[in-house]
Structures are given as structure tokens and as C-alpha cells.
Amino acid sequence: MSQRNYSTVLCIAGIDPSGGAGLLADVKVCQKLHTYAMGIVTAITAQNTFEVNASEAINPSMLRDQLETVLCDIIPDAVKIGMLPNADSVKITAETISKYNLHNVVVDPVLISSTGTPLVDDLKDGIEARKKYLFPLATLVTPNIPEAEILGLNNGNKEYAVLLKGGHSEHKNECSDILMIPGQENMVFTSKKLECKNTHGTGCVLSSSISALLARGLSLAQAVNASKDLITRYINRGKDISFGKGNGPVWLL
Ligand code: PLP
């Protein structure tokens with residue numbers, strides 16, 4: 001039998017059927033970065049480039065079954081967590097991460113879509129559950145500025161690393177992301193700000209890219225630095241593409 005292995009990423013996320021965000025985007029990124037993606041569905045949304053019309057959580061026992069069935073067979077090299085639609089799904093995911101002692105866990109604290117629709121049933125419960133059960137198990141949490149404000153992560157956290165994404169900052173010319181690792185100096189990654197509407201799913205793409213690079217053995221700082229370059233390139237390449245009536249995806253091809 002061959003000794004070769006895949007570098008594997010377990011993506012735990014919701015389905016955006018238009019393919020720009022969520023699990024479909026995560027899988028495309030992992031594939032592009034030469035890792036083998038597995039996917040756990042947490043919710044199904046009905047959404048396109050301009051609106052989220054409906055959202056339905058996968059029932060808790062089915063979520064647990066998916067996780068258990070994959071993990072009793074394959075332990076991933078990294079985990080990417082996106083949309084968790086309610087406190088139950090947060091707790092089940094956290095319990096499973098602990099049970100299987102999973103490493104390289106990147107959490108994108110998806111709360112509200114860029115079109116303004118909540119992606120968590122009860123925001124207060126969803127936030128509390130994330131802070132209490134999930135974030136302490138994370139290698140990295142990747143809030144944007146509004147999420148960091150709601151979650152109290154603007155200045156990082158003592159237990160886990162935080163990547164504060166600067167895309168929503170007032171700064172006109174540049175976009176700086178700050179990596180705060182407990183016990184280390186903050187690291188700042190800056191790119192030119194790109195004027196463009198095709199940014200649907202950028203948070204998903206960035207966090208899955210970081211997961212894929214961690215799975216391949218890069219350090220956290222290396223994975224964040226390389227992923228920042230990649231997302232900037234993907235946004236730049238997709239900025240003039242006409243796709244859908246709203247905010248199109250970044251260009252991953
Ligand atoms: N839909 C799903 C299923 C997602 O997982 C996410 C983000 O993680 C989004 C929508 C949000 O994407 P955007 O911020 O581009 O609206």
C-alpha cells in the first residue's frame with residue numbers, strides 16, 4: 001500500500017447554493033490549495049448574490065451523525081468552521097472537537113450575511129455558545145470588525161489567536177488585518193484596498209485558505225500571511241467579472 005497521504009481539511013459550514021460562500025466555497029479553496037476537503041453541512045440556505053431568502057438548520061442528531069461518521073474514520077489535519085445556525089450546533093461541534101482532540105481549528109464567527117440577514121437563529125444565544133464552548137478550542141478566530149465588536153475580540157484573547165479582518169475599516173487606501181497570538185507581538189498584514197462589489201464569501205475563502213495551509217504544515221503566521229495574499233489576488237481577479245445581480249464571488253479559478 002502507498003505511504004502517500006492527503007493533507008485533509010474538515011469544513012463544517014452552511015450551504016450557499018449560489019456557490020460564493022459557505023461549504024461550496026470552502027471545498028473549492030481547499031481543492032485549489034491541494035488539500036482534500038471533507039464537508040459537514042450545518043444548515044441549508046436559499047441564497048444568491050443579492051439576498052438570503054431562507055435558512056434551515058440541519059437537525060442536531062443529523063449534525064452529530066455526520067461528524068461522528070467522518071471522524072471515527074478520518075482525523076483531519078485542520079478544521080474550518082463557518083455557519084453554525086444555533087447554540088445546539090455550536091455545542092455539538094465543540095463537543096466533537098474535544099472528543100476527537102482536533103487541531104488546527106479555524107473558526108469564522110459567521111453571524112450576519114453581507115446582505116444583512118442573520119445566519120444565527122438567536123444572536124445572543126449563538127454568541128454566548130461560541131464564546132463559552134467553541135472559541136476556547138480554536139487555534140484561530142477570524143472576526144471582521146463588526147463581529148469583533150459584538151464578540152469583544154477587538155483586542156484579541158488570552159486563550160486563542162484572533163485575526164481581526166480590516167475590510168470594514170474606514171481606511172480608504174489600505175486594508176490591514178491584525179493577527180493577535182497570545183503572548184506574542186501583534187502582526188499586521190496590509191494590502192491595497194480594492195474597490196469592488198464581488199466580495200461575496202471573502203470571509204469563508206480566507207478562513208478555509210488558512211485551514212488548508214495549516215493542514216499542509218505552515219505555521220499560523222505563515223498561513224495567515226499567504227492567505228491574505230491569496231484573497232487579495234482572488235478579489236482583484238474577480239473584480240470586473242459580471243456574475244449575478246448583486247455581490248458576486250471572488251475569482252478562485
Ligand atoms: N452563507 C453561508 C452558508 C455562509 O457560510 C456565509 C459565510 O460564512 C455566508 C453566507 C456569508 O457570506 P457573506 O459574508 O459573503 O454574505
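Residues numbered from 1 in each chain as written. Predicted model: local features only at pLDDT ≥ 70, side-chain atom pairs only at ≥ 80, totals over all residues. Heavy atoms only, no water.

Novice: Can you help me understand the nonpolar core in this one?
Specialist: Generally speaking, nonpolar side chains in soluble globular proteins are found buried as a group. Counting residues in hydrophobic clusters, the biggest one holds 35 residues, and the most contacted among them are L140, V205, I210, L220 and V224. At the level of elements, strand 1 (8-15), helix 1 (22-32), strand 7 (161-164), helix 6 (202-215) and helix 7 (220-238) are the ones that each hand at least two residues to this core. In this structure, I210 is in contact with V106, L140, L163, L220, A223, V224 and S227, ignoring residues within four places of it in sequence. Counting residues in each nonpolar core, the second largest holds 34 residues, with I12, L63, V79 and V90 among its members. (Core = buried A, V, L, I, M, F, W, Y, C linked by side-chain atoms within 4.5 Å. Buried < 20%, exposed > 50% of the residue type's maximum accessible area, 1.4 Å probe, protein only. Helix = DSSP H or I, 4+ residues; strand = E, 2+ residues; numbered from the N terminus. Contact = heavy atoms within 4.5 Å.)

Novice: What exactly am I supposed to notice about a nonpolar patch on the surface here?
Specialist: Together, I241, F243, W251 and L253 line one region of the surface with nonpolar side chains, adding up to about 390 Å² of accessible area. Within the secondary structure, W251 is located in the segment after helix 7. According to the relative accessible area criterion, W251 is partly exposed, its value standing at 31%. (Patch = residues over 30% accessible without salt bridge, like charges linked within 9 Å, V, L, I, M, F, W, Y side chains within 5 Å. Areas by Shrake-Rupley, 256 points an atom, 1.4 Å probe, with all protein chains shown as cover. Salt bridge = Lys/Arg side-chain N within 4 Å of Asp/Glu carboxyl O.)

Novice: Any chance you could explain the pairing of strand 7 here in plain terms?
Specialist: Two faces belong to every sheet, and in a regular strand the side chains alternate between them. Side chains of strand 7 alternate between two faces, with A161 and L163 and V162 and L164 buried alike. Pairing between strand 6 (residues 140-141) and strand 7: 2 bridges, direction parallel. Bridge pairing in strand 7 places L140 opposite A161. For the handedness criterion, the β-α-β arrangement of strand 6, helix 5 (residues 145-151) and strand 7 is classed as right-handed. Looking at chain direction, strand 7 and strand 8 (residues 174-180) are connected through 3 bridges and run antiparallel. Considered in strand 8, the bridge of L164 is made with I178. (Pairing = 2+ DSSP bridges. Right-handed = clockwise from strand over helix to strand, strands pointing away.)

Novice: How should the site of the ligand be read in this particular structure?
Specialist: Near the ligand there are 13 residues, and of these Q47, V110, S114, G201 and C204 occur at the shortest range. Here S114 contributes a side-chain N or O atom positioned 2.7 Å from an oxygen atom of the ligand. Between the ligand and the protein, one listed contact pairs an oxygen atom with a side-chain N or O atom of H200 at 3.2 Å. Starting from 390 Å² of accessible surface for the ligand in isolation, the protein chains cover 91%. Classifying every residue of the shell around the ligand gives 6 nonpolar, 7 polar and no charged. (Near = heavy atom within 4 Å. Polar contact = N/O pair within 3.5 Å; in protein donor to acceptor, adjacent residues only side chain to side chain. Nonpolar A, V, L, I, M, F, W, Y, C, P; charged D, E, K, R; others polar.)

Any functional reading would require information that these geometric values do not contain.
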